[in-house]
Amino acid sequence: MDRLFYTDLARKSLDGQELDNTACARILSDVSLEILPLLDAAYQVRKAYFGREVRVHILNNAQNGHCPEDCHYCAQAKSSKADIEEYGMKSDEEMLQEARTAYTKGASCYCMVFAGRQASQSRIDRLKRVLAQIKSEFPDKEICVSTGFVSNEGAVELKQAGLDRLNHNLNTSEAHYPQICTTHTYADRLNTLLAAKSAGLKVCSGMIVGMGEEHADIIDVAKRLRALKAESIPVNLLVPIEGNVLSPQESNLTPDFILRILCLFRFLNPTSEIRVAAGRELHLRSMEVMALYPANSLFLQGYLNAKGSSNARTLRMIKDAGFTIKSELDLDELLKEQSPQQDQVSDGSKALLKTLKELRPAIK
């Protein structure tokens, strides 16, 4: 393959040009494209905007289960039979304590995720109170909230209360959306993102790959997020949780294909924070560290319901590859504080779920 193609990808991305669908399809499917030159081209774009810095996020599953939606990939959905630890909304103090812990572990963004269809006024009022408490202690730290559909008025209230980012994933393309959820539409999700943008909030929105989508669906989501100017884009890999409608199943998510997807998202969204999110340990396996060349962000401490690698392993991976983290805390010092833990994120074909203690670490 002519090396000019790889350098042209990086040049166009850095110049702000949108790749045409033919080039995008080649990135995903052309076996003559070698993965290392492709990663290097994506890294040139990543390095231009983010250097060798990795942004660490920690999730707080602020409410688990009791969701009326039937999103086929989700362990909290009404259609899932997954054996999760259900509980109602955590107390203000519990959420505040988890924020303190997240920031002291090197997180640059603390993410609170709530189950349910939409943010009611009572939930928004509650969030405003919690946001004020966190911001009073950590005025320079970012907070992201995922709380279902949000109206224009609700988004404005959250922005005024100090929220930095609103998360609402598109998850897949508009054409494929009816195959993964029937209780709401793609348009419902898009409208929440537009409300967030209108209110001046940063947008965190991404997709889940491995749900039976075509390459065209992946390209569509990457380009839609470009049009939205999404500041943060998590690329999730379907986690095989037993009891979910979509899982476990045969997957085409090879490490090579996942890295191609991350490169595509980087070329199309050069200034966005690209996060290699849920499922990175399971699906990338020995190639996991290579994701840091197109992506500049990841989660620490696992995901909503599924276990992830230990903090020690993840931070060591970042350090060993010559990267650093976006934090006033020193990476070497953080590593010294980590106790060795056994890494076990799956049992055969299915992901291991978090225990109640892992979901609610602030409770003694």
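All values reported here derive from a predicted model rather than from experimental measurement.

K.L.:
Just give me the short version of the side chain of glutamate 142, but keep the residues and values in it.
P.N.:
Assignment of secondary structure puts glutamate 142 in strand 3 (residues 142–146). Engagement of the side chain of glutamate 142 in a polar contact is seen with the side chain of lysine 202, the distance being 2.7 Å. Apart from the residues lying within four places of it in its own chain, the contact partners of glutamate 142 are Tyr103, Ser108, Cys109, Tyr110, Lys135, Asp164, Arg165 and Lys202.

K.L.:
An account of the nonpolar core is needed here, citing residue identities and associated values.
P.N.:
General note: in soluble globular proteins, nonpolar side chains tend to be found buried as a group. Ranked by size, the top nonpolar core spans 103 residues in total, and within it Met112, Ile134, Ile218, Phe265 and Phe267 carry the most contacts. Sort the elements by how many residues they give to this core and helix 9 (residues 255–268) lands first, with 10 residues.

K.L.:
Lay out the pattern of salt bridges in plain terms, naming residues and giving numbers.
P.N.:
Opposite charge on two side chains permits them to pair, given that their charged atoms come into close proximity. All told, the structure shown has 31 salt bridges when counted by the stated rule. Notably, a salt bridge pairs arginine 360 with glutamate 94, separated by 2.7 Å at the nearest N-O pair. With arginine 360 in the segment after helix 13 (356–359) and glutamate 94 in helix 4 (residues 92–104), this residue pair connects regions lying 266 residues apart in the sequence. As far as the burial class goes, arginine 360 and glutamate 94 line up, both buried. One network of salt bridges, in which partners are shared, links Arg55, Glu142, Arg165, Lys202, Glu273 and Arg275.

K.L.:
Which residues make up helix 11 (residues 311–320), and what values go with them?
P.N.:
Owing to its 3.6 residues per turn, the α-helix aligns residues three or four sequence positions apart on the same side. Within helix 11, burial applies to Asn311, Ala312, Thr314, Leu315, Met317 and Ile318. As for helix 11, its buried residues are in contact with strand 1 (53–61), helix 10 (280–284), strand 9 (297–300), strand 10 (324–325) and helix 12 (331–337). In the stretch just after helix 11, glycine 322 is the one whose phi turns positive, near 85°.

Criteria and thresholds
Residues numbered from 1 in each chain as written. Predicted model: local features only at pLDDT ≥ 70, side-chain atom pairs only at ≥ 80, totals over all residues. Heavy atoms only, no water. Helix = DSSP H or I, 4+ residues; strand = E, 2+ residues; numbered from the N terminus. Polar contact = N/O pair within 3.5 Å; in protein donor to acceptor, adjacent residues only side chain to side chain. Contact = heavy atoms within 4.5 Å. Core = buried A, V, L, I, M, F, W, Y, C linked by side-chain atoms within 4.5 Å. Buried < 20%, exposed > 50% of the residue type's maximum accessible area, 1.4 Å probe, protein only. Salt bridge = Lys/Arg side-chain N within 4 Å of Asp/Glu carboxyl O.

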